[in-house]
Structures are given as structure tokens and as C-alpha cells.
Amino acid sequence: MRPYGGGLWDATTPGLGPAHLACRCLLLESEAGLVLVDTGFGLDDAAQPVPRLSRGFYLADRPHLEADETAVSRLRRMGLDPREVRHIVMTHLDFDHAGGLTDFPDATVHVSAREIEAARRRDTPRERGRYRPMQLAHPMRGYDRTGDPWFGLPALRGLEGLPPSIFLVELPGHTAGHCGVAIDTGNGWVLHAGDTIFMHSELEQPPRMPPLASAYANFMQVDRTARLESRRRLMALARDHAEEVTIICTHDPHLPEQAGRRVIG
């Protein structure tokens, strides 16, 4: 996404021109086939941004919508058949995370049951802007039964058809059913924390966040107390288990060095 404000959004872009924000997904190879964590924007979003996206968010966030940058196109460039994506695990269902669901009609979608309910209700103008029915027509499997904790965090385990090394971790606040996705890579854990944090600098002591990113996070949150508690838990996880767990988020354009080694390696 390319909102105006430069470094006030991303902490690196000079001036107040377009910032550079990611919409980061993960592609996993598993015994259950290929698995996507989130989908980012999709082909239909690129072809017809409005009404797939709300006009307000489209104008404010200025997403750079190119068909060849969608997840489905990236897979094809890697020589992979998108039909081999058997499962999609969603951190949440915001428009910038779920737009590509329609590009994978045969995949099973896994998400928190609370998030499905919030997306169906769309109670407020903000919720009607963030949850877009045209993106969310795909059948989904919702989960609400907490299993054994993961590093002290409540975990939604037993995602149907997936190995036990992939599961949801409850991190509410940004949305009602927001979750991280934990992955045991065999070389340590990766947690895709979605929008629990906007920048990796939020995991520092004290947390740092560019002012426009902070304002956007405050605007989008449904429960400030829950969001800050989820961030606090991530900070503790990063502090106490850095050798075991790598945390990444959606919108920071830069991956920490450790994350690059563990995710890509």
C-alpha cells in the first residue's frame, strides 16, 4: 500500500510522499499440500478495486494493485499450480488480507469463529468498510475451542486437514477474532502476527511506531485494551523466546534479519 505520509507511516521513506507498506503472506510446504497464510489483494481487486474495496479505504490506503503481484500470480511464476494450495489460514478477514480468497476456490479456509461472526454482522461503517462480502463468499471453517497454550498464549489447534505444526494463536483487539498463525518450521517457530503489530519496532522496549501507523492502528482497532494486551504478550514472547520464535507482521516492509533466515531458509 502507498498512503501519503512517507516516513510518518513506514519510518524509512523520506518526505511526505507515498509510503511503502507490505501486505505479507506466507506460502508453506506441508504434508497436507501447499498452505497460504493470508492472501493479500487478489486478481479481482486489481481488475475492479471499487466496489471490491470500500472507496474510502481505497483512496486513503492507495493500494498498489497489480495482477502480477497477487499471491496467485506469484505462485505461477514459481512454477506452482495454484490448485495445489489446499488450505488457507487467515489471521483475520480485512480487505487487505482476504482479497485473494476468490483466486483459490478449491482451498479450505481456516479462521477464528469470532472473526467469521464479526464479518457477517458488519455492525458499523468501519466494519462495513473492512469486511467486503465480494471478497468473503468463500466457505470457511471457524474455530473457537482453545487447546493447549503455546508459550502461554491461547491457541486454537486442530485445524481440520492440517498438520498439528500449524495452528491459530488468539491475539484479539485489531479485530474481534484476530489471530496469529504459528508454524513449526523444524528450525524453530515462526509466528505470522498479522496486524497485532504494524511495525517490528513495536516489539522493542519501549515499543516504537511511526505516528500515522499508530493513528491507523487506533482507528482500526475494535478493542484498544485487548489490542495493547496482545501486543504486550508479543513483546514478552520476543523478549523471552527470541531464539525459539521469530515474529513477523503484515505491513512492515522490512523483515528482521532473523526472520529472513528462518522464513526463507
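One can find the structure itself at the top, above this paragraph.
In this text the structure is predicted, and so the values were computed from the model without any measurement.

Enquirer: Could you give an account of the pattern of salt bridges, with specific residues and numbers?
Expert: Counted according to the given criterion, the structure contains 14 salt bridges. The closest approach of N and O atoms between R239 and D240, which form a salt bridge, is 2.9 Å. The class for R239 is exposed, based on a relative accessible area of 54%. Note on D240: relative accessible area 44%, which makes it partly exposed. Counted as one network, the salt bridges with shared partners bring together D94, R126, E127 and R130.

Enquirer: Give a detailed account of unusual backbone geometry, specifying residues and quantitative values.
Expert: Residue P51 follows V50 across a cis peptide bond; omega there is 15°. With respect to the helices and strands, the residue P51 is situated in helix α3 (residues 49–52). That bond from Q205 to P206 is cis: its omega, -5°, falls within 30 degrees of zero. With respect to the helices and strands, P206 occurs in the loop between β9 (189–192) and α9 (211–220).

Enquirer: Tell me about the sheet that holds β9, residues and numbers included.
Expert: The strands that make up a sheet pair up through hydrogen bonds in the backbone, lying either parallel or antiparallel. The five strands are arranged β6-β7-β8-β9-β10 in an open sheet whose pairing can be described as mixed. Both edges of this open sheet fall to β6 (155–156) and β10 (245–248), since each of them pairs with a single strand only. Sheet topology note: the β9/β10 ladder contains four bridges and is parallel. Of the residues in β10, the one forming a bridge with W189 is V245. Running over the sheet, helix α10 (residues 224–240) touches β9 and β10 and is turned about 140° from β10.

Enquirer: Describe in detail the environment of R126, supporting the description with residues and values.
Expert: Positionally, R126 belongs in helix α8 (residues 125–130). On the basis of relative accessibility, which here comes to 25%, the residue R126 falls in the partly exposed class. Spatially, the C-alpha atom of R126 lies 17 Å from that of G99, the residues being 27 residues apart in sequence. Setting aside anything within four residues of it in sequence, one finds R126 in contact with F57, F219, M220, Q221 and V222.

Analysis parameters
Residues numbered from 1 in each chain as written. Predicted model: local features only at pLDDT ≥ 70, side-chain atom pairs only at ≥ 80, totals over all residues. Heavy atoms only, no water. Salt bridge = Lys/Arg side-chain N within 4 Å of Asp/Glu carboxyl O. Buried < 20%, exposed > 50% of the residue type's maximum accessible area, 1.4 Å probe, protein only. Helix = DSSP H or I, 4+ residues; strand = E, 2+ residues; numbered from the N terminus. Pairing = 2+ DSSP bridges. Contact = heavy atoms within 4.5 Å. Axes fitted to C-alpha atoms, helices over the stretch in contact; angles between N-to-C directions.

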